[in-house]
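# Residue-level structural notes
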Amino acid sequence: MKHLKHLLCYIVIITVITSCNSNTSTEIETSTTTSFSNSYKAPAFENDNRVEKIKQVAPEIETVMIEHAKGRHIPGIAYGIVVDDQLVIASADGVLDVDTKNPSTTTSAFRIASMTKSFTAMAIIKLRDEGKLALNDPVSKYISEMSNLEYLTKDSPIISINNLLTMTAGFPEDNPWGDRQLDEPNDMLISMIDEGVTFSNAPSFEFEYSNTGYALLGNIVSRVSGEPYQEYIKNNILQPLGMNNTYWEWNDVPKEELAIGYRWEDEQWKLEPMLHDGSFGSMGGLITTIEDFSKYVSFHLSAWPPRSDSDNGPIKRSSLREMQTPQFPRLYPNARDYNGDTCALMNGYGFGLGIATYCNDIKRVSHGGALPGFGSNYYFYPEYGVGVMAFGNLTYTGPLPISKVEQLLFDKAGLEPRELPVSDILEKRKEQVLDLVQNWDANLEKEIIAENFYLDRSREKRMSQAKQIFAEAGAIVKVEDLTPLNQLRGRFNVQTENGIISMFFTLTPEKSPKVQRLNISFKETLSD
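A few points on the structure. Keep in mind the model is a prediction, meaning the values are calculated, not measured. Here the residue numbers are simple positions, counted from 1 along each chain's written sequence. Owing to the predicted nature of the model, reporting of local features is limited to residues with pLDDT of at least 70; listing and counting of side-chain atom pairs is limited to 80 or more, with chain, interface and lining totals taken over all residues. For side-chain calculations, the full set of non-hydrogen atoms in the structure is used, while hydrogens and water are omitted.

## Quick notes on the packing of helix α3 (residues 58-71) against helix α12 (residues 402-412)
To be explicit about the condition: Between N-to-C directions, angles cover 0 to 180 degrees, with each direction set by a line fitted to C-alpha atoms, over the stretch in contact for helices. Secondary structure is summarised from DSSP: a helix means a run of H or I of at least four residues, a strand means a run of E of at least two, and numbering begins at the N terminus for each. Oblique is the label for any angle not covered by the other classes, which are roughly parallel (under 35 degrees), roughly antiparallel (over 145) and roughly perpendicular (65 to 115). Crossings are assigned a handedness: left-handed for a near helix turned anticlockwise from the far helix by less than a right angle, right-handed for a clockwise turn. Working rule for contacts: check all heavy atoms of both residues, and any pair within 4.5 Å makes them a contact.
Two elements in contact, α3 and α12, have axes whose closest approach is 9 Å; the angle formed by their N-to-C orientations is 165 degrees. By the criterion of interaxial angle, the relationship of α3 to α12 is roughly antiparallel. Note that α3 runs across α12; the crossing there is right-handed. Residues Glu-60, Ile-61, Val-64 and Met-65 of α3 touch α12, and the partners they reach there are Lys-404, Val-405, Leu-408, Leu-409 and Lys-412.

## Considering the state of the cysteines
Throughout this description, disulfide means a covalent bond between two cysteine sulfur atoms. Defined as follows: A pair of cysteine sulfur atoms is labelled a disulfide when the two atoms are within 2.5 Å. The cut-offs for exposure are 20% and 50% of the maximum accessible area for each residue type, with area from a 1.4 Å probe on protein chains only; residues under the lower value are buried, those over the upper are exposed, and the others partly exposed.
Throughout the structure, instances matching the rule amount to one disulfide. One disulfide bridge connects Cys-343 with Cys-359, the sulfur atoms lying 2.0 Å from each other. Between Cys-343 and Cys-359, the S-S dihedral sits near -120 degrees, and the bridge is therefore left-handed. Within this pair, whereas Cys-343 is found in the loop between β8 (327-332) and β9 (345-349), its partner Cys-359 is found in the loop between β10 (354-358) and β11 (363-371), the two being separated by 16 residues in sequence. Assessed through its relative accessible area of 51%, Cys-359 is described here as exposed.

## Things to note about the layout of surface pockets
This is how the line gets drawn: Residues are said to line a cavity or pocket when one of their atoms sits within 4 Å of a point; the points come from a 1 Å grid over protein atoms alone, cavities being sets where a 1.4 Å probe fits but cannot get out and pockets being open sets with protein on both sides within 12 Å along at least five of seven lines. Grid points are joined across faces, edges and corners, and a volume is the space filled by probe spheres set on the points. Residues were grouped as follows: Ala, Val, Leu, Ile, Met, Phe, Trp, Tyr, Cys and Pro as nonpolar; Asp, Glu, Lys and Arg as charged; and all remaining residues, including Gly, as polar.
Each pocket or cavity is described by its volume, and for the largest pocket that value is around 460 Å³. As for the largest pocket, its lining consists of 17 residues, and the residues nearest its centre are Pro-43, Glu-383, Pro-417, Arg-418 and Leu-420. In terms of residue count, the dominant contributor to the lining of the largest pocket is strand β15 (residues 483-486) (three residues). Residue composition of the lining of the largest pocket, grouped by class: ten nonpolar, two polar and five charged.

## Let's talk about unusual backbone geometry
Here Asn-175 and Pro-176 are connected by a cis peptide whose omega angle stands at 0 degrees. Mapped onto the elements of the fold, Pro-176 is located in the loop between α5 (161-166) and α6 (186-195). Omega for the bond connecting Gly-313 with Pro-314 falls within 30 degrees of zero, at 20 degrees, which places this linkage in the cis form. Note that Pro-314 resides in the loop between α10 (290-301) and α11 (317-323). One non-glycine residue with positive phi stands out, namely Asp-84, at about 55 degrees. Mapped onto the elements, Asp-84 comes out in the loop between β1 (76-83) and β2 (86-97). Accessibility expressed as a relative area gives 29% for Asp-84, which makes it partly exposed.

## Structural notes on the pattern of salt bridges
Proximity of charged atoms lets side chains of opposite charge pair with each other. Stated formally: Every case where a carboxyl oxygen of Asp or Glu lies within 4 Å of a side-chain nitrogen of Lys or Arg is listed as a salt bridge.
Scanning all chains against the criterion turns up 19 salt bridges. The salt bridge partner of Lys-141 is Asp-137, with a shortest N-O separation of 3.7 Å. Assessed through its relative accessible area of 10%, Asp-137 is described here as buried. Its salt-bridge partner being Asp-292, residue Lys-295 comes within 3.8 Å of it at the nearest N-O pair. Note that Lys-295 and Asp-292 are positioned in helix α10 at a spacing of three residues, about one turn of the helix.

## Remarks on the packing of helix α4 (residues 117-129) against helix α7 (residues 211-225)
The contact between α4 and α7 brings their axes to 10 Å, and the two run at 40 degrees. Overall, the two elements α4 and α7 adopt an arrangement that is oblique. For the element pair α4 and α7, the recorded crossing hand is left-handed. Contacts between α4 and α7 involve Lys-117, Thr-120, Ala-121, Ala-123, Ile-124 and Leu-127 from the former and Asn-211, Tyr-214, Leu-217, Gly-218, Ile-220, Val-221, Val-224 and Ser-225 from the latter.

## Quick look at the nonpolar core
Cut-off, in case you're wondering: As used in this record, nonpolar core signifies buried Ala, Val, Leu, Ile, Met, Phe, Trp, Tyr and Cys residues forming a set joined through side-chain atoms within 4.5 Å.
Counting residues in hydrophobic clusters, the biggest one holds 118 residues, and the most contacted among them are Ile-159, Ile-161, Leu-165 and Phe-293. At seven residues, the largest contribution of residues to this core is made by α4. With near-sequence residues (within four places) excluded, Ile-159 lies in contact with Asp-137, Pro-138, Val-139, Met-146, Leu-149, Tyr-151, Leu-164, Ala-169, Phe-171, Phe-199 and Pro-203.

## What about α4?
Here is the rule we go by: A helix is expected to span 1.5 Å multiplied by its residue count minus one.
Its 13 residues place the ends of α4 18 Å apart at the C-alpha level, agreeing with the 18 Å of an ideal helix rising 1.5 Å per residue. Summarising burial for α4: eleven of the 13 residues are buried, a large majority. Buried within α4 we find Lys-117, Ser-118, Phe-119, Thr-120, Ala-121, Met-122, Ala-123, Ile-124, Ile-125, Lys-126 and Leu-127.

## Let's talk about the side chain of Asn-201
Selection rule: In protein, a polar contact means a hydrogen-donor-capable atom and an acceptor-capable atom, both N or O and within 3.5 Å, with residues adjacent in sequence counting only if both atoms are side-chain atoms; elsewhere, any N or O pair within 3.5 Å suffices.
You can see Asn-201 is positioned in the loop between α6 and α7. Polar contacts involving the side chain of Asn-201 include one to the side chain of Glu-208, which spans 3.4 Å. When neighbours within four sequence positions are excluded, Asn-201 is seen to be in contact with Leu-152, Gly-170, Glu-206 and Glu-208.

## What about empty space enclosed by the protein?
Per the counting criterion, the structure on display carries two cavities of 30 Å³ or more. Roughly 40 Å³ of volume is contained in the largest cavity. In terms of lining residues, the largest cavity is bounded by Asp-337, Tyr-338, Tyr-358, Asn-360, Ile-362 and Glu-406. Taken together, the residues of the lining of the largest cavity sort by class into three nonpolar, one polar and two charged. Asn-163, Leu-164, Met-167, Thr-168, Ala-169, Gly-170, Phe-171, Glu-208, Ser-210 and Gly-213 are the residues that line the second largest cavity. Here the lining of the second largest cavity is composed, by residue class, of four nonpolar, five polar and one charged.

## So, the pairing of β10
For clarity, the cut-off: The pairing criterion is simple: DSSP has to find at least two bridges between the two strands.
In terms of burial, β10 is largely enclosed, as four of its five residues are buried. As paired strands, β9 and β10 are joined by five bridges and run antiparallel to one another. For Asn-347, the partnering residue across the bridge sits in β10 and is Ala-356. Between the antiparallel neighbours β9 and β10 lie four residues, among them Gly-352 with a positive phi of about 75 degrees. The pairing of β10 with β11 spans four bridges and is antiparallel. Residue pairing for β11: Ala-356 is matched across the bridge by Arg-364.

Written as structure tokens, this is what we have:
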């Protein structure tokens, strides 16, 4: 009986603990539910005539593309321009097969080589979002042979999945050696790692382009998902996007649609061997068409801007934006823009994508692809909702003269980016700030001034400066619209009879945001 009582007590205790754990788990899940603002206004195009503008310069784009292909001896090209989810320009020129003269079309299938890498990165991010791996996991957690590496230095950090994604594992740049490994079996890849690799840098030290790293990512996708890498990409990315004419193995492509690869040598085209798919396919194996690939570019463009409407995948918009965020960015002060003018550039590699921001504030996300017999490029501009892509069948030859195309899009067509609307609170505070600096009403101060404001600079000093500026400026002629820098920061000008008053202010993160910083300056307008 005594033992029975002890047993009953034990059961009660376990039941209580289990019940508590269950409640705790439920509370944690509930607490992760997020709320969001109903007043947020996403950036938008003021006058959205992008499609019409691009179609107006389409004939010139066609001329530029054809001249570029002929000048580079590319047998056949296909190209397209996407606006949001619409393929507004789709064209092709030349031939897929030099012998048969089979013409290139927008449904012709070209191997896109390293443009495959962002598909691999997307698969990794999808598995991360599903809780099946973490980006800071050591690669050796999934590929045990990575535990045996001899690192370059004693202080080298262990290679993580993030290192492979961002090409910072310390592996040497492996073009064009990696290209020739495309059809190698998995055993070759793992045996190479098991035997040991030679490092060019310590991990997490700097970016260096690595096909080997992306081959390893493909292997991780297979191990974590439990299905071959190629099948995972097909089932979880290609099919959900409607990319039904995208392939891994060239033998699967309808013969009349397959681009044959060439190199230009001795003033003639020579056949390149058509590589089969294999363990390095995750670094460069995809074969696709302009019409299919445009859907992928549209999906990347759909990540922008952040907003509250439905998020339909294959991965979250926030994860797409994460893919398009540069890691280990580098400054190129002497870079040139599409007009050939010196224009400093910040450039970095995200997850299977290169990201560049120029001094003219144009952000460009891109990747190229090059394998024996093929060259490809795609560029998209998140703030413009526009993407450009081109494929060709000549070894290591980019088919897209991007500088000339950008001249046509941004200079001649005059494309404009989205504009950020003024948030309700920013507009309200603008009017109140203008009232404040003219009248210094005590009740208004109490409502909108943050606690740091007069501690940073005394009320007397601020009033004295404002009074002096408005006296010098004269009567107000016009208050210009506010230019928002984000939801809680902006600037505006006040035109006066003697010049321009410029005002800049930022708000606090409080529930009712207050003015924490206010800069006022005056520039006199010189009379004739």
